[in-house]
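# Notes for the structure review
As a plain string of letters, each chain reads:
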Amino acid sequence: MISVEKALKTILVNFRPLGLEKINILESRGRVIGEDIFSPRNIPSANNSAMDGYAVRYADTKGATKNNPLQLKIIEDIPAGKVALKKIKAGEAARIMTGAVIPEGADAVIRQEDTQKNGKTVIIYSSVQKKENIRFAGEDVKRGELVVKRGSALRPAHIGMLASLGKSFVSVYQKPRVAIMSTGDELVNIETDPPPGKLVNSNSYSLAAQVLECGAIPIMMGITRDRKSDLQKKFKTALDADVIISSGGVSVGDFDFVKNVMGEIGNAMHFWQVAMRPGKPLAFGAIEGVPLFGLPGNPVSAMVSFEQFVRPSLLKMQGHTKIYRQTIKAICTEEFQKKEGFRHFIRAVVKKEKDKYVASTTGDQGSGILKSMVTANGLIVMGENESRIKKGAQVTVQLLDDSLSRSESLQF
Ligand code: AMP
Ligand code: MG
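This report concerns the structure included in the present document.

A few words on the pairing of strand β13 (residues 177-183). Among the seven residues that make up β13, six are buried, leaving the element largely enclosed by the rest of the structure. Pairing geometry for β13 and strand β16 (residues 217-224), over six bridges, is parallel. Paired with R177 across the bridge in β16 is I217.

Next comes the structure, spelled out in structure tokens:
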């Protein structure tokens, strides 16, 4: 049996980012970019107006006020997207719309609100500074500038930036294909009403959803019976996946053959059993070079083990460097006791109350109580050397989703 830290270390050295693929930027949200993007152009491409108003020479507006208006001659009209034909000379102005290129000779724009049109002239009621209301060429992005760094996880703003550079395709790390199989003679398919002694294979579904949640592709391999020959056959059909996940059959029961089969056909069982609860009977190895996680069968154990070990691995394969769940400190509303030696992951609901977080358990912590995961948004992590958490003590909580970053009401 090894520690959670050691297990994680042993697992992660087996994973590297996959190769790159070129995809449309519309499909790239959340993906990790595998190339540096340098801008081929200035954005904006030319000096342009930040306001609807009049392009002027700032010197011509000096001293203009409500009580001392000045007049300039309108020589041209410049809508957005058009380039001026004339140069602004002393005493002249051009009507200009937001985004339109500043005409030659002008060095400021006066807002429409500070002017009044009067036939072919404009009355101005305020002065402007040099460069006022002008957006300069390259002020957002300069030609040659590094705008999106290799390794960035793409968000909508990155995608807008790529679009503004004219890049409709981008290289990102591939998504791992993850074969998921459940083992157990007691399992029936989702369509079947389970007779006594049988139960629906739910693990394949929770695991598939977890795979999707970290951006990878689940491949449903169905149920495998508790026979070595069946397991061997099934594992072999999964070898074109990037990762294999099985659930069940890794304990010490008479029919728990997964680890034997891993040892026999894989000849690469890295470890079995981790000092954690739930999730102790985890096996990790490889079959013909394909990493294989033998997760425990109990529904909570399978999910918690996935969280701790599979999720960081799948994120690493996709080029992510931030591969761990966020942890926060919270005040625990209950007392806990456990034996030393194991790391415990206690299903909890975390809420923000005033300016601190408060965590309460979601009830029965049995590893078969899937309901305890349904209501949880976090796992209280109780360290190997801890034996007791007092009510009101501070605990570390690993967040399982982003529910704490959202709110039911507007907050300022
Ligand atoms: P095992 O580790 O194979 O002994 O499985 C432990 C327990 O987990 C079984 O007795 C089942 O109750 C449960 N279990 C195993 N596999 C699944 C599955 N695919 N879906 C739901 N529950 C399962
Ligand atoms: Mg079993």
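Anyway, onward from the coordinates.
Take the sheet that holds strand β21 (residues 290-295) next. One open sheet holds the six strands; their spatial order is β16-β13-β17-β21-β20-β18, and the pairing between them is mixed. Edge positions in the open sheet fall to β16 and β18 (269-272), since each of these has one partner strand only. For this sheet, the mean inter-axis angle between neighbouring strands, taken without regard to orientation, is 20°. Bridge analysis of strand β20 (residues 283-287) against β21 gives five bridges, and the strand direction is antiparallel. Opposite A286, over in β21, you have P291 as the bridge partner. Sitting on the sheet, helix α4 (residues 228-237) is in contact with β13, β16, β17 (243-247), β20 and β21, with an inclination near 165° to β16.

With mixed pairing, the six strands of this open sheet are ordered in space as β7-β4-β6-β5-β9-β8. The open sheet terminates on both sides in strands that have one partner only, identified here as β7 (108-111) and β8 (115-118). With direction set aside, neighbouring strand axes in the sheet form an average angle of 40°. Pairing of β8 with strand β9 (residues 121-124), which is carried by four bridges, proceeds in the antiparallel orientation. Bridged to N118 within β9 is T121.

Our focus in this paragraph is unusual backbone geometry. Excluding glycine, a negative phi dihedral is what most residues carry, and trans is how most peptide bonds are arranged. In this structure, the amide linkage connecting I43 to the following residue, P44, adopts the cis form with an omega of -10°. Structurally, the position occupied by P44 is in the loop between β2 (37-38) and β3 (48-49). With an omega of -10°, the peptide bond between R277 and P278 qualifies as cis. Looking at the element boundaries, P278 is found in the loop between β19 (276-277) and β20.

Taken together, 15 residues sit near ligand 1, with N201, S202, G249, G297 and N298 positioned nearest. N201 places a polar side-chain atom, nitrogen or oxygen, 3.0 Å from a nitrogen atom of ligand 1. For the shell around ligand 1, a count of residues per class yields four nonpolar, 10 polar and one charged.

This brings us to the packing of helix α3 (residues 203-213) against helix α6 (residues 299-317). Relative orientation of the contacting elements α3 and α6 amounts to 25°, with a least axis distance of 10 Å. One element, α3, and the other, α6, form an angle in the roughly parallel class. Considering the relative orientation of α3 and α6, their crossing is right-handed. For the pair α3 and α6, contact is made by N203, S206, L207, Q210, V211 and E213 and by P299, A302, M303, F306, E307, R311 and L314, respectively. Across the contact of α3 with α6, the residue classes break down as seven nonpolar, three polar and three charged.

Cut-offs and rules
- Residues numbered from 1 in each chain as written.
- Chains lettered and ligands numbered in written order.
- Predicted model: local features only at pLDDT ≥ 70, side-chain atom pairs only at ≥ 80, totals over all residues.
- Heavy atoms only, no water.
- Buried < 20%, exposed > 50% of the residue type's maximum accessible area, 1.4 Å probe, protein only.
- Helix = DSSP H or I, 4+ residues; strand = E, 2+ residues; numbered from the N terminus.
- Pairing = 2+ DSSP bridges.
- Axes fitted to C-alpha atoms, helices over the stretch in contact; angles between N-to-C directions.
- Contact = heavy atoms within 4.5 Å.
- Near = heavy atom within 4 Å.
- Polar contact = N/O pair within 3.5 Å; in protein donor to acceptor, adjacent residues only side chain to side chain.
- Nonpolar A, V, L, I, M, F, W, Y, C, P; charged D, E, K, R; others polar.
- Parallel < 35°, antiparallel > 145°, perpendicular 65-115°, else oblique.
- Left-handed = near helix turned anticlockwise from the far one by under 90°.

It is worth stressing that arrangement in space is one thing and function is another; only the former is reported here.
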